[in-house]
Every structure is written in structure tokens, then in C-alpha cells.
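Notes for the structure review
Residues per chain, in single letters:
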Amino acid sequence: MSETFKALVLEDAEKAPVASVKELTLSDLPEGDVLVRVTHSGLNYKDGMIIKGLGRLVRKYPHVPGIDFAGTVEESGDARYRPGDAVVLTGWRVGEVHWGGYAQMARVKADWLVPLPDGLTARRAMAVGTAGFTAMLAVQALEDDGLSPGNAQGEVLVTGASGGVGSVAVSLLSRLGYPVAAVTGRPDNEEYLKGLGAGSVVARAELADPPGKPLLGERWAGCVDAVGGDMLAHVLAEMRYGSSVAACGLAGGPALKTTVLPFLLRGVRLLGIDSVMCPTDRRTAAWTRITELLPTDVLDSMTTEIGLDDLPDYADRILQGQVRGRAVVVLD
Ligand code: NDP
């Protein structure tokens, strides 16, 4: 095993952190009971925020970002994992308060890992990544709340559809048999979204503004929302009676200006989705279901491979809503 390895390191600077690819040694890594040789990581919206120093998510520098990764166990002090085991990590604030996946080696707690699901490669696990895992949790939450292909009256809406969460949500819902409407600000992605299974594509401008009235015509049987802000307020006013919205993200802003009327007069439910602290049994079940549902060619069609050097540029791009599908960081 080589003693040195490459990592994207963030160093504190007055305005924003400075990112550069550096050689580190194993003794630089934080404590943990499992040492993982990382082969793939993902680029998520939160990674973009961390690389650019937004939201004060990282308090201690130098820092290695990367909120998810897949690889093989190199050394383990925990009986659940042995050298050579393939593993995946998402969440637990890895890449924020603990060094993350933008390095060829990572040392983490065994509790944070799950075994790589049968049927997935490390690359494809990161094509799913935190974003896809969150999309699965959101779909699961809608179904736990009563939605089913048999009772869905009308389309299930996915906002931020050409992003990571959105692309996987569109694919999962369509595989499950729901009619899917995908909202996008990029009309040139219409063919891509229909290829993932969207039956219709809605222009972002149609839903971008506050609704104007507390309730509008009933349109959506359910919604996976990656955007938040005014779009979520608008969508809430258009939900069908008794339907639910799984709120995952804030690509359009964290503020939510709505009224209680969708909840009081239409029985709409707003379900919060958190992938970070999700319990292990729910985590493993979600990974198994993703593997069963998402064909590998669909996953591959939404994946772009990038290297560590590309990350600062890609961080800008994801924050500007310009990355389509999932970007997978290849480390080996
Ligand atoms: P992406 O950047 O890949 O996707 C977001 C998409 O939202 C963009 O592709 C774009 O899609 C759309 N969008 C971007 N900016 C705006 C805007 N100003 N107004 C309306 N739409 C916009 O990010 P991810 O899919 O990785 O993450 C999406 C959100 O989910 C983020 O806020 C992220 O932090 C959150 N998230 C939450 C998790 C959780 O545990 N709750 C876990 C993972 C992610 P289009 O061009 O098609 O309109």
C-alpha cells in the first residue's frame, strides 16, 4: 500500500477556502476504525457549497471535502468489515466535520459504512450517491404516506429535475409506474428527462413565482421537491387533496413563504427528507431498493466522470444549476 495518496485539500483563506490537489500520508487522516481505499466519490450540491465556503458548513481547516464515497476496505478494527470488502458511505456529516471522499484514502467509523449492494459497482453506487439515495428516501416517504401507482390521481411532480436528486427521482418514479412531470429551467434537457421516464416537462418559469393566491387549481398527485423557495410555495398551492410533498432541497433558496391553507383545506402534507442522519436499517433498505429499481443503463445515461482537478470548476457549475444528472469523481 502506498504511503502517500492524492486528495483535494481546502485551506482557509479570508474570503473563501482555497482548493488544491495535494499528496497526503496516512498519518494525516483523522481517526476512525476503518481505512478505505476510495475509488469513486460523487459531486453533490452540498459539496459545491463546501468547496466554495458557502453556508459555513466546514469550521475546521485544512479539510478534505466529499460527502459520499465508495471503495474497498484496506484495514479494519471492526468485526463487521474485513480488508477487500466493498463499501459505500453517504451522510453522517462526513465531508463536513470529518474528512471525506475527495481523497484516495479515507478513515471513518464503521457505523457510517454500508456494504456495497449486490449488483452495483463502486462507480454506479456513486452515480446514485447522496443525491440518488435522497431521491429514494423521498419516493419512499411519499409511498409511506399513502401514494401508490394504483391511487395516484394525476402526475407526480419532480422539481430541479435535471439535477442529481431530480434525475434519480424521475427515473425511480417512472420505474414504479407513476406518471411523472419534470420541472426544468433548461428546455434543452427535455429529451434527457423524457429518456429518464418523464411523461411531461414543465418550464421552470411556470412555477417559479409565488402563487399569488393561497390555493390554485389542483394539479399534482405528489411531489419530490429539490428546489424549495418560491417554487415549493407555488407547488403547495397546486397539490391535489390529500397529497404530499417530499421536501429535499433548497437549490432555489431556503425561505418558504406560504399559507396554512394547502394544509387546512386540502390536507396536504409536507414531508421533510434528511439523508444525513438516516438510520442504518432504512439506509440499507433504500440502497437495496435503488439497486432493484434502477437499470444500469439508465444510471450510466445520467453520469459524467470527472477527476479531482475538475472539482473547483464543477463546484461553481453545480451551484449555478448547470450540472446535468450526476458527476462521479474517479480517484483510482
Ligand atoms: P443539483 O445542482 O444537481 O440539482 C439542482 C437542480 O435544481 C438544478 O439542476 C436545476 O435543475 C434546479 N435549480 C437550480 N437552481 C435553481 C433555482 N434557482 N430555481 C429553481 N431551480 C433551480 O443538486 P442536487 O440534485 O445534488 O441537490 C438538490 C438539492 O437537494 C440541493 O439543495 C441539495 O442541498 C439538496 N439535498 C438534500 C439532501 C437531504 O438529505 N435533504 C441530500 C442531497 C441533496 P433544472 O435545470 O432542471 O431546473
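Rules used in this analysis
- Numbering of residues begins from 1 in every chain and follows the order in which that chain's sequence is written.
- The predicted nature of this model means local features are confined to residues of pLDDT at least 70 and side-chain atom pairs, given and counted, to a pLDDT of 80 or more, with totals for whole chains, interfaces and linings taken over all residues.
- Excluded from the side-chain calculations are hydrogens and water; all other atoms, namely the structure's heavy atoms, are used.
- What goes into a patch is any residue over 30% in relative accessible area without a salt bridge, connected to like charges within 9 Å or, for nonpolar side chains (Val, Leu, Ile, Met, Phe, Trp, Tyr), within 5 Å.
- Using the Shrake-Rupley algorithm and a 1.4 Å probe, accessible areas are obtained, with residue cover drawn only from the displayed protein chains.
- What counts as a salt bridge is simple: a side-chain nitrogen of Lys or Arg found within 4 Å of a carboxyl oxygen of Asp or Glu.
- Secondary structure is summarised from DSSP: a helix means a run of H or I of at least four residues, a strand means a run of E of at least two, and numbering begins at the N terminus for each.
- What is meant by a nonpolar core is a set of buried Ala, Val, Leu, Ile, Met, Phe, Trp, Tyr and Cys residues, joined one to another through side-chain atoms within 4.5 Å.
- Remark: exposure states derive from per-residue accessible area (1.4 Å probe, protein chains only) relative to the maximum for the residue type, with buried under 20%, exposed over 50%, and partly exposed in between.
- Boundaries between domains were set according to an automatic or database domain assignment.
- Any pair of residues with heavy atoms lying within 4.5 Å of one another is described as a contacting pair.
- Two rings from Phe, Tyr or Trp (for Trp, the six-membered ring) form a pair when their centres sit within 6.5 Å of each other. Planes less than 30 degrees apart are called stacked, planes more than 60 degrees apart edge-to-face, and all others tilted.
- Whether a charge sits over a ring comes down to the Lys NZ or Arg CZ being within 6 Å of the ring centre and within 35 degrees of the ring normal.
- When we say a residue is near a molecule or strand, we mean one of its heavy atoms is within 4 Å of it.
- We define a polar contact as two N or O atoms separated by no more than 3.5 Å, with the added condition that, inside protein, one atom must be a possible hydrogen donor and the other a possible acceptor, whereas residues neighbouring each other in sequence contribute only through side-chain atom pairs.
- In the scheme used here, Gly and all other residues not listed as nonpolar or charged are polar, with Ala, Val, Leu, Ile, Met, Phe, Trp, Tyr, Cys and Pro taken as nonpolar and Asp, Glu, Lys and Arg as charged.
- Put simply, buried area is the surface a 1.4 Å probe can reach on two separate parts but cannot reach once they are joined, added for both.
- One less than the number of residues in a helix, times 1.5 Å, gives the span that helix is expected to have.
- DSSP bridges decide pairing: two strands pair if at least two such bridges lie between them.
- Axis lines are fitted to C-alpha atoms, over the contacting stretch for helices. Their N-to-C directions set the angle, which ranges from 0 to 180 degrees.

Quick word on a nonpolar patch on the surface
Taken together, the side chains of Val 260, Leu 264 and Leu 265 present a nonpolar region at the surface, about 320 Å² in accessible area. As for its position among the elements, Val 260 is in the loop between strand E12 (244–247) and helix H7 (261–266).

Concerning the nonpolar core
In this structure, Val 88, Val 158, Val 170, Leu 172, Leu 173, Val 224 and Trp 287 are the most contacted members of the largest nonpolar core, which totals 54 residues. When contributions to this core are tallied by element, the ones reaching two or more residues are helix H2 (122–144), strand E8 (155–158), helix H3 (164–175), strand E9 (180–184), helix H4 (190–196), strand E11 (220–225), helix H8 (280–293) and helix H9 (296–301). Lining this core are residues from two domains, each supplying at least three of them: domain 1 (4–116 + 302–330) and domain 2 (131–272). If we skip the residues at most four places from it in the chain, Leu 172 touches Ala 135, Met 136, Val 139, Leu 293 and Leu 294. Core analysis: the second largest hydrophobic core is formed by 46 residues, Leu 26, Val 38, Ile 51 and Tyr 314 among them.

What to know about the packing of aromatic side chains
Going through the model one piece at a time under the given rule, you end up with one aromatic pair. A ring pair is formed by Phe 133 and Trp 287, whose centres lie 5.8 Å apart and whose planes are at 15°; its orientation type is stacked. In this pair, Phe 133 is assigned in helix H2 and Trp 287 in helix H8, connecting sequence segments 154 residues apart. In this structure, Arg 317 is placed above the aromatic ring of Tyr 314, and the distance from its NZ or CZ to the ring centre is 4.7 Å. Its end group placed over the ring of Tyr 192, Arg 324 keeps NZ or CZ at 4.1 Å from the ring centre.

Description of the site of the ligand
Ser 162, Thr 184, Gly 185, Arg 186 and Ser 275 are the nearest of the 28 residues found near the ligand. With respect to the ligand, the backbone of Gly 163 contributes an N or O atom lying 3.3 Å from an oxygen atom. Between Arg 204 and the ligand, the recorded distance is 2.9 Å, taken from a side-chain N or O atom to an oxygen atom. For the ligand, the protein covers 88% of the area, taking 910 Å² as the surface of the free molecule. Listing elements by their share of the shell around the ligand, those giving two or more residues are H2, H3 and E9. Per element, the largest residue contribution to the shell around the ligand is three residues, and it comes from H2. A breakdown of the residues in the shell around the ligand according to their chemical character gives 13 nonpolar, 12 polar and three charged. Residues lining the shell around the ligand come from more than one domain, with at least three contributed by each of domain 1 (4–116 + 302–330) and domain 2 (131–272).

Remarks on the domain arrangement of the protein
Taken domain by domain, the protein holds domain 1 (4–116 + 302–330) and domain 2 (131–272). A C-alpha centroid distance of 29 Å is found between domain 1 and domain 2. Carbon and sulfur atoms make up 57% of the area that domain 1 and domain 2 hide from each other, which totals about 900 Å². Considering only the surface of domain 1 that becomes buried against domain 2, Tyr 45, Met 302 and Arg 324 emerge as the three largest contributors, covering 53% of it. Counting the contacts that link domain 1 with domain 2 gives zero salt bridges. Of the residues contributing to the side of domain 1 that touches domain 2, the split by class is three nonpolar, five polar and two charged.

Digging into the pattern of salt bridges
Across all of its chains, the model carries 18 salt bridges by this definition. Notably, a salt bridge pairs Arg 289 with Glu 143, separated by 2.9 Å at the nearest N-O pair. Taken as a pair, Arg 289 in helix H8 and Glu 143 in helix H2 lie far apart in primary sequence, 146 residues in all. The pair formed by Arg 289 and Glu 143 is uniform in burial state, with each residue classed as buried. Salt bridges here are not isolated pairs; linked through shared partners, they connect Arg 123, Arg 124, Asp 300 and Glu 305.

Looking at H2
Here H2 contains 23 residues, and its C-alpha end-to-end distance of 29 Å is more than 12% below the 33 Å for a straight helix at 1.5 Å per residue. Just beyond H2, the residue with positive phi is Gly 146, at close to 120°.

Section: the sheet that holds E9
Ordered by their spatial adjacency, six strands build an open sheet running E10-E9-E8-E11-E12-E13, and the pairing between neighbours is parallel. Each end of this open sheet is capped by a strand with a single partner; those strands are strand E10 (200–203) and strand E13 (269–272). If you compare each strand with its neighbour and ignore which way they point, the axes differ by 20° on average. Summarising the sheet, E12 and E13 pair through four bridges and their orientation is parallel. Looking across to E13, one finds that Ala 247 is bridged to Gly 272.

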